[in-house]
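Given next are the chains, with one letter for each unit.
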Amino acid sequence: MDSHDETPDAGAGPEPPALPAPYRSEITLRVNGKPRTLLVDHRRALLDLLREDLDLTGAKKGCDHGQCGACTVLVDGRRVNSCLLLAVALDGSEVTTVEGLAGDGEEPHPLQRAFLDRDAFQCGYCTPGQICSAVGALAEAAAGHPSHVTDPAAPSGRPVPLDRAEIRERLSGNLCRCGAYPRIVDAVEDVNQ
């Protein structure tokens, strides 16, 4: 455990020294549909809280600088790099990780199924972040948010059609060290149709 662990039941190992009250706050997050109230160190990143305190290990720590996308989750429906967000600032937010995309059912989310069907992963390390990013990208396009490659003449506020160039641009913040990009684009195309 490191000095950022703040909950007594955060896992195995010795309990870290207690921080004075001004450096910790109680927050409530709705994580994968379930309310969670936690006492968090003000320096605690959302990624560390998810992985170490809540045992949701789908989001990965890749670069820890917001550059690789391995830690991508959804906060209030928008995709974010969880390594860059302080958990204390998210009090009252809805957080969805790859583990929560399918809900309580046995069936995987359509993007999870498409990634399996299209073999859109190799080592799988970046896959949870890729899937969460794709969920967010589909929602952004449906809401009419343009990307860098969206035709400037496209009507504002209307859904943006997702061709391969749009999908590649919208997912460009998520790196795949194995190079599964063509299959990832195929999987997102399958779900978008």
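Relevant structure appears above.
Take unusual backbone geometry next. The residue N32 is not glycine, and still its phi comes out positive at about 50°. Its place among the elements puts N32 in the loop between strand 1 (24-31) and strand 2 (34-41). Even without being a glycine, D64 presents a positive backbone phi close to 60°. Along the chain, the position of D64 falls in the loop between helix 1 (46-53) and strand 3 (72-75).

Here the focus is helix 3 (residues 127-142). With 16 residues, helix 3 extends 22 Å from end C-alpha to end C-alpha; this agrees with the ideal 22 Å at 1.5 Å per step. The element helix 3 is extensively covered by neighbouring structure, given that 14 of its 16 residues are classed as buried. Once helix 3 ends, the next one or two residues include G144, with phi positive near 90°.

So, about the pattern of salt bridges. With the rule as written, the count across this model stands at 13 salt bridges. Here D117 and R113 are joined by a salt bridge, their closest N and O atoms 3.4 Å apart. Here D117 and its partner R113 are both found in helix 2 (residues 110-117), 4 residues apart, which amounts to about one turn of the helix. A relative accessible area of 54% places D117 in the exposed class. One salt bridge in this structure joins E166 and R170, with 2.9 Å as the shortest N-O distance. Separated by 4 residues within a single helix, E166 and R170 lie in helix 4 (residues 164-170), roughly one turn from each other.

Each value, and the rule that gives it
- Residues numbered from 1 in each chain as written.
- Predicted model: local features only at pLDDT ≥ 70, side-chain atom pairs only at ≥ 80, totals over all residues.
- Heavy atoms only, no water.
- Helix = DSSP H or I, 4+ residues; strand = E, 2+ residues; numbered from the N terminus.
- Expected span 1.5 Å × (residues − 1).
- Buried < 20%, exposed > 50% of the residue type's maximum accessible area, 1.4 Å probe, protein only.
- Salt bridge = Lys/Arg side-chain N within 4 Å of Asp/Glu carboxyl O.

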